[in-house]
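Next come the chains, spelled out residue by residue.
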Amino acid sequence: MNRSPYGRHRPSPEKSRVWALPFVNRTHAARFLAAALEKYAGENTLVLAIPRGGVPVGRIVADHLGARLDVVLVRKLGAPGDPEYAVGAIDESGWSYVSPDAEQAGADADYLHEEMQRQMQVLVERNHRYRGARAPEPVHGCTVIVVDDGLATGATMIAALHAARRQHPARLVCAVPVASAGALAAVSPLCDEAVCLATPSAFGGVAQYYLDFPQVGDQEVQNALYGDQSCES
């Protein structure tokens, strides 16, 4: 019987099949990403997924590697009038990254301060929604793989890697199915290894490289993290 991609049985990456962009969906991409990360299989590996789109990818990677899964709570700082374009990112501790072109995109100091406050509130709400009373998975001394479904600017991954590094993992890996060359170059110095399946030229956005790329909802995140159990209130 076929199991949900969020079940606890390991999916079998389609090693024998040749893939080309676009990926069919996140599950398809995650299976190939999991195969590329097999050397990190083991109980001392922790997969940290960036919500929301990175969580279904992270579930499949974690199951294949026999690893633990948790979220790393970061939020992009959206540009004025274009919230999907990241001019930076912030983590749940309040540490922020501001991209060099933020001011050119219209994000002055006052705007960034207000945007950071807005996104910090979202992070507080997501921490309650996704973790509830559960403590975050321990990072210290582990091999930590930070996963997302793709990188456009790399801003949220920069914040996520910074948040993970602050907790002293033994090894820190960035893993994504697809990324722009610029984003990959930006994040690579912040980790011990960057694993990316594809860096297409003329990068137009992550969704461009998936045939099916629906928005991931909070319930899907909770199911990926905890199966049918919802977070404790």
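Residues numbered from 1 in each chain as written. Predicted model: local features only at pLDDT ≥ 70, side-chain atom pairs only at ≥ 80, totals over all residues. Heavy atoms only, no water.

Digging into the pattern of salt bridges
All chains considered together, the criterion is met by 13 salt bridges. Residue arginine 26 pairs with aspartate 149 through a salt bridge whose shortest N-O separation is 3.0 Å. With arginine 26 in helix α1 (residues 26-36) and aspartate 149 in the loop between β6 (143-147) and α4 (155-165), the pair connects residues that are 123 residues apart, well separated along the chain. Of the residues examined, arginine 26 reaches a relative accessible area of 10% and is grouped as buried. Ionic pairing is found between glutamate 137 and arginine 68, a salt bridge with its closest N-O pair at 2.8 Å. You can see glutamate 137 sitting in the loop between α3 (109-131) and β6 and its partner arginine 68 sitting in strand β2 (residues 68-71), a full 69 residues away along the chain. For glutamate 137, a relative accessible area of 28% corresponds to the partly exposed category. Exposure remark for arginine 68: the relative accessible area of 22% places this residue in the partly exposed category. Linked through salt bridges whose partners overlap, the residues forming this network are Lys39, Arg171 and Glu193. (Salt bridge = Lys/Arg side-chain N within 4 Å of Asp/Glu carboxyl O. Helix = DSSP H or I, 4+ residues; strand = E, 2+ residues; numbered from the N terminus. Buried < 20%, exposed > 50% of the residue type's maximum accessible area, 1.4 Å probe, protein only.)

A closer look at the pairing of strand β1 (residues 45-49)
Taking burial as the measure, the five residues of β1 include five buried ones, the bulk of the element. Judged by which residues are buried, β1 turns out to be covered on both faces: Thr45, Val47 and Ala49 on one side and Leu46 and Leu48 on the other are all buried. In the sheet, β1 pairs with β6 via five bridges, with the strands oriented parallel. Considered in β6, the bridge of leucine 48 is made with valine 146. Two elements, β1 and β2, share four bridges in a ladder whose sense is parallel. The partner of valine 47 across the bridge, within β2, is leucine 69. Crossover β1 to β2 through helix α2 (residues 54-65) is right-handed. (Pairing = 2+ DSSP bridges. Right-handed = clockwise from strand over helix to strand, strands pointing away.)

Side note on the side chain of threonine 143
Residue position: threonine 143 is located in strand β6. Residues within four places of threonine 143 in sequence aside, it is in contact with Tyr40, Asn44, Thr45, Leu46 and Arg171. (Contact = heavy atoms within 4.5 Å.)

With respect to the sheet that holds β6
Spatially, five strands are ordered β2-β1-β6-β7-β8 in an open sheet, and the strand pairing comes out parallel. Bordering the open sheet on either side are β2 and β8 (193-198), each of which pairs with just one other strand. Each strand of the sheet is rotated relative to its neighbour by a mean of 20°, with strand direction disregarded. For β6 and strand β7 (residues 171-178), the ladder comprises five bridges, and the chain directions are parallel. From the neighbouring strand, isoleucine 145 faces β7, where its bridge partner is valine 173. In this fold α1 packs onto β6, β7 and β8, with an angle of close to 140° to the strand it touches most, β8. (Axes fitted to C-alpha atoms, helices over the stretch in contact; angles between N-to-C directions.)

Remarks on the layout of surface pockets
Volume-wise, the largest pocket comes out at about 950 Å³. If you go around the largest pocket, you meet 33 residues; those closest to its centre are Pro51, Lys76, Glu84, Asp148 and Asp149. Of all the secondary structure elements, the ones that give two or more residues to the lining of the largest pocket are β3 (74-79), β4 (82-91), α3 and α4. Its residues assigned to classes, the lining of the largest pocket shows 14 nonpolar, ten polar and nine charged. When grouped by side-chain class, the residues that make up the lining of the second largest pocket number seven nonpolar, one polar and six charged. (1 Å grid on protein atoms, 1.4 Å probe; cavity = no way out; pocket = protein on both sides within 12 Å on 5 of 7 lines; lining within 4 Å. Points joined across faces, edges and corners; volume = space filled by probe spheres on them. Nonpolar A, V, L, I, M, F, W, Y, C, P; charged D, E, K, R; others polar.)

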